[in-house]
Amino acid sequence: MSRAKVYEDFGKSVFIEEMLEAARLMSERGWAERNAGNMSCIIPGSDAARYFDPDQVKRAFKLDLNIKELSGMFFLITATGSYFRKLKIDPAKGLGVVRVSLDGNRLELLWGFENGAAPTSEMRMHFMGHIVRLKKDPNHKVILHTHATNTIVMSINGALDEKAFTRALWRMHSECVVVFPEGVGLVPWMVPGTQEISAATAQKLEDFRLIIWPLHGIIGTGSSIDEAMGLIETVEKTAEIYIKSMGLTELPQFLTDKQVLDTAARFDLKPKQGILEL
Ligand SMILES: [Zn+2]
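Residues numbered from 1 in each chain as written. Predicted model: local features only at pLDDT ≥ 70, side-chain atom pairs only at ≥ 80, totals over all residues.

Asker: Please set out the packing of helix 6 (residues 162–172) against helix 9 (residues 225–245) residue by residue, giving values where relevant.
Answerer: At their nearest, the axes of helix 6 and helix 9 sit 9 Å apart, and the two run at 85 degrees to each other. When the interaxial angle is binned, helix 6 and helix 9 end up roughly perpendicular. Contacts between helix 6 and helix 9 pair Ala168, Leu169 and Met172 from the former with Val235, Thr238, Ile241 and Tyr242 from the latter. For the contact of helix 6 with helix 9, the class distribution of residues is six nonpolar, one polar and no charged. (Axes fitted to C-alpha atoms, helices over the stretch in contact; angles between N-to-C directions. Helix = DSSP H or I, 4+ residues; strand = E, 2+ residues; numbered from the N terminus. Parallel < 35°, antiparallel > 145°, perpendicular 65-115°, else oblique. Contact = placed C-beta atoms within 7 Å. Nonpolar A, V, L, I, M, F, W, Y, C, P; charged D, E, K, R; others polar.)

Next up, the structure:
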């Protein structure tokens, strides 16, 4: 006689706990005004089997892009319009778990998005980004987007193209070249939520784990929320140092390019070529 499988409560899982904590941090730091920001995280199949009945699809969302590369995979993703500062009040409303259909044209809802909620309007960027990052790193799991204030201010300096932005960060704070020796990617300003910004961001994610959206925010990726958040925190903290250093009356003493290179060598890291001027 077969017994019905009992599924664990996903609402009490570490996946929800970590995402709520990330939302709280972004909100408290002022990076998630109103409904700003969005997050997604891959849920490994072995974990999904503990929490979800694969036959209990609550709703489906038709996609306007094909993501067959991700078919059968499970994602925890934030809802469109969700307020990060209120996410913890009702996580099953602001978050949802979707499985990518076998043909890659639909998302099948297995948990959350109660009261008719739907995935974030930036979901194209998330799914296209996951496809690219998984090819680069099989341990990749997380994409976070937030409106990190100082990074936005630093992006207003139009003289900072991608290379100059990376070099400025590396020379402003000794840890930077160690945390992101590949540098940071920067896309031109584009309308949010569009196919264009999603494609441009995915293309940059071929070479970088962190992308700047000028006059808008930042995208961090990684094998965990801690890793993606750690990248964002390091860039944002350094952007704050950059802005504060602009007000100094004495000539600022930044790290020289050689000091940046020496720091990277100490950790056996090779900074991306073509950034430093040696
Ligand atoms: Zn945004």
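Asker: Report on the environment of Gln253, specifying residues and quantitative values.
Answerer: Considering the arrangement of structural elements, one finds Gln253 in the loop between helix 9 and helix 10 (257–266). Taking the C-alpha atoms as reference points, Gln253 and Arg171, 82 residues apart in sequence, are found 9.3 Å from one another.

Asker: Can you lay out the nonpolar core for me, pointing to particular residues and giving the numbers?
Answerer: Residues Met19 and Cys41 are the most contacted members of the largest nonpolar core, which totals 69 residues. Among the elements that make up this core, the one with the highest residue count is helix 9 (eight residues). When neighbours within four sequence positions are excluded, Cys41 is seen to be in contact with Phe15, Met19, Phe75, Leu76, Lys141, Val142 and Ile225. (Core = buried A, V, L, I, M, F, W, Y, C linked by C-beta atoms within 7 Å. Buried ≥ 20, exposed ≤ 12 C-beta atoms within 10 Å, placed from the backbone.)

Asker: Give me the lowdown on the pairing of strand 9 (residues 217–222), citing residues and values where you can.
Answerer: Buried residues dominate strand 9, accounting for six of its six residues. Burial of the side chains of strand 9 extends over both faces: Gly217, Ile219 and Thr221 are buried on one face and Ile218, Gly220 and Gly222 on the other. Two strands pair when backbone bridges link them, and strand 6 (residues 142–146) and strand 9 are joined in this way by five bridges, in the antiparallel orientation. When the sheet's bridge partners are listed, Val142 is paired in strand 9 with Gly222. Here strand 8 (residues 210–213) runs beside strand 9; their pairing, made up of four bridges, is antiparallel. Considered in strand 9, the bridge of Trp213 is made with Gly217. (Pairing = 2+ DSSP bridges.)

Asker: Can you break down helix 4 (residues 123–136) residue by residue, with the values?
Answerer: The terminal C-alpha atoms of helix 4, which comprises 14 residues, lie 20 Å apart, in line with the 20 Å expected from a rise of 1.5 Å per residue. Three or more residues of helix 4 are buried, namely Met123, Arg124, Met125, His126, Phe127, Met128, Gly129, His130 and Arg133. Buried residues belonging to helix 4 abut strand 1 (38–43), strand 3 (74–78), strand 6, helix 8 (195–204) and strand 9. (Expected span 1.5 Å × (residues − 1).)

Asker: Outline helix 6, supporting the account with residue identities and numerical values.
Answerer: Looking at helix 6, one finds that the buried residues are Phe165, Thr166, Arg167, Leu169, Trp170, Arg171 and Met172. The inward-facing, buried residues of helix 6 abut helix 7 (176–179), strand 7 (185–186), strand 8, helix 9 and helix 10.

Asker: Which residues make up the pairing of strand 8, and what values go with them?
Answerer: Across the two faces of strand 8 the burial is the same, with Leu210 and Ile212 and Ile211 and Trp213 all buried. At this point the chain moves from strand 7, through helix 8, to the parallel strand 8, and the crossover so formed is right-handed. What sits between strand 8 and strand 9 in their antiparallel hairpin is a turn of three residues, with Leu215 showing a positive phi close to 55 degrees. (Right-handed = clockwise from strand over helix to strand, strands pointing away.)

Asker: Can you lay out unusual backbone geometry for me, pointing to particular residues and giving the numbers?
Answerer: Of note, Asn115 is a non-glycine position whose phi angle comes to about 60 degrees, a positive value. Structurally, Asn115 can be placed in the loop between strand 5 (106–112) and helix 4. Even without glycine at this site, Leu215 takes up a positive phi of about 55 degrees. Counting through the fold element by element, Leu215 comes out in the loop between strand 8 and strand 9.

Asker: An account of the packing of helix 4 against helix 8 is needed here, citing residue identities and associated values.
Answerer: Closest axis-to-axis distance for the helix 4/helix 8 pair is 9 Å, and the angle between their directions is 20 degrees. By the angle between their directions, the pair helix 4 and helix 8 is classed as roughly parallel. Considering only the axes of helix 4 and helix 8, their crossing is right-handed. Across from Arg124, Met125, Met128, Gly129 and Val132 in helix 4, the residues of helix 8 making contact are Gln195, Ile197, Ser198, Ala199, Thr201 and Ala202. Split by residue class, the contact of helix 4 with helix 8 holds six nonpolar, four polar and one charged. (Left-handed = near helix turned anticlockwise from the far one by under 90°.)

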